[in-house]
Structures are given as structure tokens and as C-alpha cells.
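Chain residues, written in single-letter form:
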Amino acid sequence: MAVRTLILLAFLLITACAELPAQLGQKADAEPPRPPEPRYCYKTLGKVSCYAQPLDGREANRLVGYEGPSPRPNAGTGPLSP
């Protein structure tokens, strides 16, 4: 019984000295993640096409999604134009 206790105590002391996980020891000067590139996706006849810049207002009804600044910066401030 004393041998088991001694082995358990030695195991606990060894594990207490183990290194911390790498994610806890990250450097403070690591650069923050970059924001995603703007992307504006419009439906076409057979697929969805994505662009880095929004298309002009006539194509707004084909917009299916975007990532980045709103393609209509004044959205929600008045009636929609046809």
C-alpha cells in the first residue's frame, strides 16, 4: 500500500512540472487574423459568380450574399429604387 502511495505521489509531482499547452504560452506579438477579403456573390443562369467589388445598382436584385462592406451603404434609410 505504501508503494502505491509513493508511486502516485511521484506521478503527481512529475505531472505538476510538465509544460503548459502551447496555446497558453503563445507570444503576445503574434499578428491578429486579417479580416476577410470583400466578396459579393450574384446568381447567374447556371451558377453563382463572386466578385471583389459590388456590381452596379441594376444588378442588385441578383445579389445572393456578400462578405465585407454593404453594397448599399444607405440601405434601410428609405424606399428601394426599382
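Relevant structure appears above.
Basis of the calculations
Starting afresh in each chain, residues are numbered from 1 along the sequence in its written order. It should be noted that, the model being predicted, local features are given only for residues of pLDDT at least 70 and side-chain atom pairs only at 80 or more, the latter also being counted only at that level, while totals for whole chains, interfaces and linings use all residues. Where side-chain values are given, they derive from all heavy atoms of the structure, hydrogens and water being excluded. Helix and strand definitions here come from DSSP, where helices need a minimum of 4 consecutive H or I residues and strands a minimum of 2 consecutive E residues; each element is numbered from the N-terminal end. Accessible area is worked out with a 1.4 Å probe on protein chains only. A residue is then buried under 20% of its type maximum, exposed over 50%, and partly exposed in between. The term salt bridge refers to a pairing of a side-chain nitrogen on Lys or Arg with a carboxyl oxygen on Asp or Glu at a separation within 4 Å. Strands are treated as partners if at least two bridges between them are detected by DSSP.

## Quick look at the environment of Asn61
No. 1: Locating Asn61 in the fold gives a position in the loop between strand 2 (48-51) and strand 3 (63-67).
No. 2: Classification of Asn61 as exposed rests on a relative accessible area of 63%.
No. 3: Residues Asn61 and Lys43 lie 18 residues apart in sequence; the distance between their C-alpha atoms is 9.2 Å.

## Quick word on the pattern of salt bridges
No. 1: Across all of its chains, the model carries two salt bridges by this definition.
No. 2: The residue Asp56 makes a salt bridge to Arg58 at a minimum N-O spacing of 2.6 Å.
No. 3: Residue class for Asp56 comes out partly exposed when judged on its relative accessible area of 37%.
No. 4: Notably, a salt bridge pairs Arg62 with Glu59, separated by 2.7 Å at the nearest N-O pair.
No. 5: Note on Arg62: relative accessible area 23%, which makes it partly exposed.
No. 6: Classification of Glu59 as partly exposed rests on a relative accessible area of 23%.

## Quick look at the pairing of strand 1 (residues 39-43)
Looking along a regular strand, one sees side chains alternate from face to face of the sheet.
No. 1: In terms of strand pairing, strand 1 meets strand 3 through four bridges, oriented antiparallel. Across the sheet, Arg39 pairs through a bridge with Glu67, a residue of strand 3.
No. 2: Where strand 1 meets strand 2, four bridges bridge the pair, whose relative direction is antiparallel. Bridge pairing in strand 2 places Tyr42 opposite Ser49.

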